[in-house]
Amino acid sequence: MIADPARRGRELAAFFLRLEPALWADVVTSGLLPAGREADARAEWACLALHACVRGLVAAGGFGEDNRRAVEALHAEVDAAWRTAPDTGDPAGRRTLGEARYEEY
């Protein structure tokens, strides 16, 4: 395990940002999305995939201060990437949706 918590979060963010779009593309090509619901489903997918990364951090390292810093670094990196990407929608809306979904999960 990477000893530095912030680095661990950044590394996981890089993994997420590299892998999540490809997995989403697989969902789209599966033909399982209802017509006209792709934008909503895309936002939900991003929340779920990001939450899975958080759960992985917790599974590997528990609920301590180091993991809190790793989770914060993960979210900061992903948020920064989403703010500069042309196809990710409103970053504030994504954060709001993500926070709501995290509470539900």
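Residues numbered from 1 in each chain as written. Predicted model: local features only at pLDDT ≥ 70, side-chain atom pairs only at ≥ 80, totals over all residues. Heavy atoms only, no water.

Draft legend 1. Examining the overall build of the protein more closely. Regarding its fold elements, the protein presents 4 helices and 0 strands. Ordered by position from N to C terminus, the α and β elements of the protein give α-α-α-α. Rg of the C-alpha trace for the protein: 14 Å, near the compact-globule value of 13 Å for 105 residues, within the 12% margin. The C-alpha extent of the protein, read off along each of the three principal axes, is 45 × 25 × 25 Å. Among the 105 residues that make up the protein, the fraction classed as buried is 29%. A sequence separation of at least 24 residues applies to 64% of the contacts in the protein between residues at least 6 apart. (Helix = DSSP H or I, 4+ residues; strand = E, 2+ residues; numbered from the N terminus. Rg over C-alpha atoms; globule rule 2.2 N^0.38 Å. Buried < 20%, exposed > 50% of the residue type's maximum accessible area, 1.4 Å probe, protein only. Contact = heavy atoms within 4.5 Å.)

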